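Reading the structure
Each chain, written out:
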Amino acid sequence: MSDKTYKGNPNLPAAGYRTEFTEVQVAEFIKCSNNPAYFIQKYVKIVSIDEGLVPFNLYPFQKDIIGTFHKNRFTICKLPRQSGKSTTILSYLIYYIIFNETVNVAILANKAATARDLLSRLQMAYEHLPSWLQMGVMNWNKGSLELENGSKILAASTSASAVRGGSYNIIFLDEFAFVPSNIAEQFFSSVYPTITAGTSSKVMIVSTPHGMNMYYKMWMDAVNEKNEFVPIEVAWNEVPGRDEAWKKQTIKNTSEQQFLQEFECSFLGSVDTLISPTKIQVIPHFDPIESSAGLDIFEKPIKDHQYCITVDVARGAANDYSAFVVIDITKMPYKLVAKYRNNEIKPLVFPDVIYRTGKTYNDSHILVEINDIGGQVADALHHDMAYENIIMTQMRGRLGQIVGSGFGDAPTDLGVRTTKQVKRVGCSNFKQLIEGDKLLVNDFDIIAEMSTFVQKGQSFEGEDGSPDDLVMCLVFFSWLTDQQYFKDLTDEDIRTRLYESQRENIEADMAPFGFIDDGVHYGEDIVAFTDEDGDYWRPVEDTPDFFNDDRFLKH
């Protein structure tokens, strides 16, 4: 037995063991090699929760998915939960390694344990194939396998180093929407070029949506034919057994929002976001006109325009970025014209990037967040580089932290400290500016951060594993817009403009409760009246001189 099986496993043939084929088996082998769906449906077995080990009877949409995988190099799938998406792909991978020699396959997931679980499911299905369809086994463990025909499969977490240095014919990315954005970006920037170097290599991305992240961008680009990925979308009711009664039961046992995300495949994400999810979904994003080393430029500086830069400084950890945004504050709506985000730049180098950008954009006014090492950046800009337009703050008792001139007895800081009050005011203003279309930020990274900038306790911050550095730059800017210094600088009062833009709606909403001049007298000769400007006047008390008396109220 030991010379015929791999390490005594009766379900796995050892390398070098020869099997004689019958004429029927030869015909079946050829038929399977030409039709992956036929092979899977007839010979692959899966574990059913209710019935145990059963043949994999493919649903119509699963057959379509397999056909798309087989005919195309790049495929991206948006599928609801529990639709058999992973099982479908694993079955195709079994077909691929049996009927192709010396091919390498990578199964990647957001966690290494998840990837290994997928591999174990593939291995189980392989063990239950007819022996005449199996290749001899060279290596078989929890993280990889190798067959006698030279085909290999590796299971690992999605990371920049996961498949670096290797050459792969297929990379399967499972639940890609749940891979942290920074890791997904690093993966594609460092590993993806090695995949596309071939002419037949395949990339298969499968996921349920989870906010507006890199998966969302790749999906939308595929739908709009901006990349080479073929999009596959499956509706929840295409899965047999799911109807309106099932939908009502699922919503009752979970929530409507959860159903929207996990079964309707909505990209709306969390309901606890600072910015309304429906607003986030309709914000368009544009590609920058120039990009270099973390700096994205959407609009070049315009003569006589005023710009403001707000800066968030980080230590450079993997998911913590040093960032800044450049806002055109010449007129409302304010507009993002450039942004910078980098998690590798050192605090000693960061001031130089800010300085050069500030000088380029007409000596921009710069507000630096000075908690922790941010103070070093502000000091370098002010003292070492002699940058003049640094925005300073002072503590003024109950007024809290305000933008000051640097004069007076109160201590002056070269920037803003993130306090509860600053963040509360900044978040409130940020919400009003974005939802009121008074601040235009058509950048994908910022939109992605807004989709995961959620309430935690009494404040807001990025979800676990999600960056929020660009959003915090905008929160600081929004706090700044509430300062008298900024209103004097731009001659724009945000609250007044927001009210003016909404006044018609407010008046329309109050129309059923409007005031009517019914000629009611307030004294013998005094009446309420409406003047030529439409303002309504009434007396506080009887007086014959109502035109000049200060006791009259204007409504």
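Because the structure is a prediction, the values reported are computed rather than measured. (Residues numbered from 1 in each chain as written. Predicted model: local features only at pLDDT ≥ 70, side-chain atom pairs only at ≥ 80, totals over all residues. Heavy atoms only, no water.)

1. Describing the layout of surface pockets
Operational definition: Each cavity reported here is a set of points on a 1 Å grid over the protein atoms alone in which a 1.4 Å probe fits but cannot get out, each pocket an open set with protein on both sides within 12 Å along at least five of seven lines, and each lining residue one with an atom within 4 Å of a point. Grid points are joined across faces, edges and corners, and a volume is the space filled by probe spheres set on the points. The helix and strand labels rest on DSSP assignments: H or I over at least four residues marks a helix, E over at least two residues marks a strand, and numbering proceeds from the N terminus. The classification used treats Ala, Val, Leu, Ile, Met, Phe, Trp, Tyr, Cys and Pro as nonpolar, Asp, Glu, Lys and Arg as charged, and all other residues, Gly among them, as polar.
The calculated volume of the largest pocket comes to roughly 1100 Å³. Along its surface, the largest pocket is lined by 37 residues, and Val47, Gln82, Ser83, Gly84 and Thr87 are the ones closest to its centre. Only strand S3 (45–48), strand S4 (52–55), helix H4 (85–98) and helix H5 (112–127) provide two or more residues apiece to the lining of the largest pocket. Of the residues assigned to the lining of the largest pocket, the class counts are 16 nonpolar, eleven polar and ten charged. In this structure, the second largest pocket occupies an estimated 850 Å³ of space. Forming the boundary of the second largest pocket are 32 residues, of which Glu185, Ser189, Met214, Arg341 and Asp445 lie nearest the centre. Among the secondary structure elements, those contributing two or more residues to the lining of the second largest pocket are helix H6 (181–190), helix H8 (214–223), strand S13 (290–292), strand S14 (295–297), strand S17 (334–342) and helix H15 (444–450). Sort the elements by how many residues they give to the lining of the second largest pocket and H6 lands first, with five residues. Class assignment for the residues of the lining of the second largest pocket results in twelve nonpolar, ten polar and ten charged.

2. Thoughts on the confidence of the model for the protein chain
To be explicit about the condition: For every residue, the predictor reports its confidence as pLDDT, a number between 0 and 100. Whether two residues touch is decided by their heavy atoms; if any such pair falls within 4.5 Å, the residues are in contact.
With 83% of its residues at a pLDDT of 70 or more, the protein chain shows a mean pLDDT of 83. Confidence, read as mean pLDDT per element, is least for strand S27 (residues 553–554) in the protein chain (42) and greatest for S14 (96). Residue range residues 541–555 is modelled with pLDDT below 50. Its contacts to residues more than four positions away, or to other chains, number 29 contacts.

3. Comments concerning H4
One full turn of an α-helix is made of 3.6 residues, so residues set three or four places apart face in the same direction. The following threshold applies: Helices are assigned an expected span. That span is 1.5 Å times one less than the residue count. Relative accessibility thresholds used throughout: buried, under 20% of the residue-type maximum; exposed, over 50%; partly exposed, between the two (1.4 Å probe, protein chains only).
Here H4 is 14 residues long and its end C-alpha atoms lie 21 Å apart, about the 20 Å a rise of 1.5 Å per residue gives. Most of H4 is tucked away: 14 of the 14 residues are buried.

4. What to know about the pattern of salt bridges
Stated formally: Salt bridges are counted wherever a side-chain nitrogen of Lys or Arg sits within 4 Å of a carboxyl oxygen of Asp or Glu.
Counted under the stated rule, the structure contains 19 salt bridges. Arg81 is the partner of Glu262 in a salt bridge, and the nearest nitrogen-oxygen pair spans 3.4 Å. Linking Glu262 in helix H10 (residues 256–262) with Arg81 in the loop between strand S5 (74–78) and H4, this pair joins segments that are 181 residues apart in sequence. Classification of Glu262 as buried rests on a relative accessible area of 19%.

5. Observations concerning unusual backbone geometry
The amide bond that connects Met332 to the next residue, Pro333, takes the cis arrangement and shows omega of 0 degrees. Considering the arrangement of structural elements, one finds Pro333 in the loop between strand S16 (322–328) and S17. A positive phi angle, near 55 degrees, is found at Asp363, a position not held by glycine. Position of Asp363 among the secondary structure elements: in the loop between helix H12 (350–360) and strand S18 (365–368).

6. Examining the environment of Trp219
Here Trp219 is to be found in helix H8. Trp219 gets classed as buried once you look at its relative accessible area, which sits at 5%. It is 9.1 Å that separates the C-alpha atoms of Trp219 and Val230, two residues lying eleven residues apart in sequence.

7. Observations concerning the packing of aromatic side chains
For the record, the criterion: Aromatic pairs are defined between Phe, Tyr and Trp rings, using the six-membered ring for Trp, whenever the two ring centres lie within 6.5 Å; interplanar angles under 30 degrees are classed as stacked, those over 60 as edge-to-face, and all others as tilted.
Overall, the coordinates contain 29 aromatic pairs when judged by the stated rule. With a centroid separation of 6.3 Å and an interplanar angle of 10 degrees, the aromatic rings of Tyr216 and Phe444 are classed as stacked. One end of the pair, Tyr216, is in helix H8; the other, Phe444, is in helix H15, and 228 residues separate them in sequence. On the basis of relative accessibility, which here comes to 10%, the residue Tyr216 falls in the buried class. A centroid spacing of 5.8 Å and a plane angle of 75 degrees characterise the contact between Tyr355 and Tyr387, whose relative ring orientation is edge-to-face. One end of the pair, Tyr355, is in helix H12; the other, Tyr387, is in the loop between helix H13 (374–384) and strand S19 (392–395), and 32 residues separate them in sequence.

8. Some thoughts on the sheet that holds strand S10 (residues 170–174)
The cut-off we apply is this: Strands are treated as partners if at least two bridges between them are detected by DSSP. Orientation is described by lines fitted to C-alpha atoms, with helices fitted over the stretch in contact, and by angles between N-to-C directions that extend from 0 to 180 degrees.
In space, the eight strands of this open sheet follow the order S7-S8-S9-S6-S10-S11-S5-S12, with mixed pairing throughout. Of all the strands in the sheet, the pair left with one neighbour each is strand S7 (137–140) and strand S12 (230–233). The average angle at which neighbouring strand axes cross in this sheet is 10 degrees, direction not considered. Here strand S8 (residues 144–147) runs beside strand S9 (residues 152–157); their pairing, made up of three bridges, is antiparallel. Across the sheet, Ser144 pairs through a bridge with Leu154, a residue of S9. Against the sheet, helix H3 (residues 60–71) makes contact with S5, strand S11 (202–207) and S12, and its axis sits at roughly 150 degrees relative to S11, the strand it touches most. Across the sheet, H5 touches strand S6 (104–109), S7, S8, S9 and S10, and the angle it forms with S9 is around 150 degrees.

9. Description of the sheet that holds strand S20 (residues 401–404)
Taken in spatial order, the three strands make up an open sheet running S20-S19-S21, and their pairing is antiparallel. Lying at the two open borders of the sheet, with one neighbouring strand each, are S20 and strand S21 (412–413). One ladder, built from two bridges, connects S19 with S21; its direction is antiparallel. Bridging from a neighbouring strand, Gln394 pairs with Thr412 of S21.

10. Regarding the environment of Thr412
With respect to the helices and strands, the residue Thr412 is situated in strand S21. Sequence separation of Thr412 and Thr393 is 19 residues, and the distance between their C-alpha atoms is 5.8 Å.

11. A look at the nonpolar core
To keep things clear, this is the line we draw: Buried Ala, Val, Leu, Ile, Met, Phe, Trp, Tyr and Cys residues form a nonpolar core when they are joined through side-chain atoms within 4.5 Å.
Core analysis: the biggest nonpolar cluster contains 67 residues, and Ile205, Phe430, Leu439 and Met450 have the highest contact counts within it. Top contributing element to this core by residue count: helix H16 (residues 469–480), with ten residues. With residues near it in sequence (within four places) discarded, Leu439 still touches Ile327, Pro333, Tyr334, Phe430, Leu433, Ile434, Leu474 and Phe477. Residues Val103, Leu119, Val137 and Ala155 belong to the second largest nonpolar core, which totals 54 residues.

12. Some remarks on the side chain of Glu28
Looking at the secondary structure, you find Glu28 in helix H1 (residues 23–34). Looking at Glu28, the relative accessible area reads 13%, which means it is buried. Those residues within four positions of Glu28 in sequence are excluded, and the remaining contacts are Tyr38, Lys42, Tyr43 and Trp132.

13. Describing the packing of H12 against H13
Test applied: Orientation categories follow fixed angle ranges, with anything under 35 degrees roughly parallel, anything over 145 roughly antiparallel, 65 to 115 roughly perpendicular, and all other angles oblique. In this scheme the handedness of a crossing depends on how the near helix is turned from the far one: anticlockwise by less than a right angle means left-handed, clockwise means right-handed.
The geometry of H12 relative to H13 is characterised by a closest axis approach of 9 Å and an angle of 50 degrees between their N-to-C directions. As the angle between them shows, H12 and H13 are arranged oblique. You can see that H12 and H13 cross each other, and the crossing is right-handed. Counting all contacts with H12, which are made through Phe350, Pro351, Ile354 and Tyr355, the residues of H13 involved are Val377, Ala380 and Leu381.

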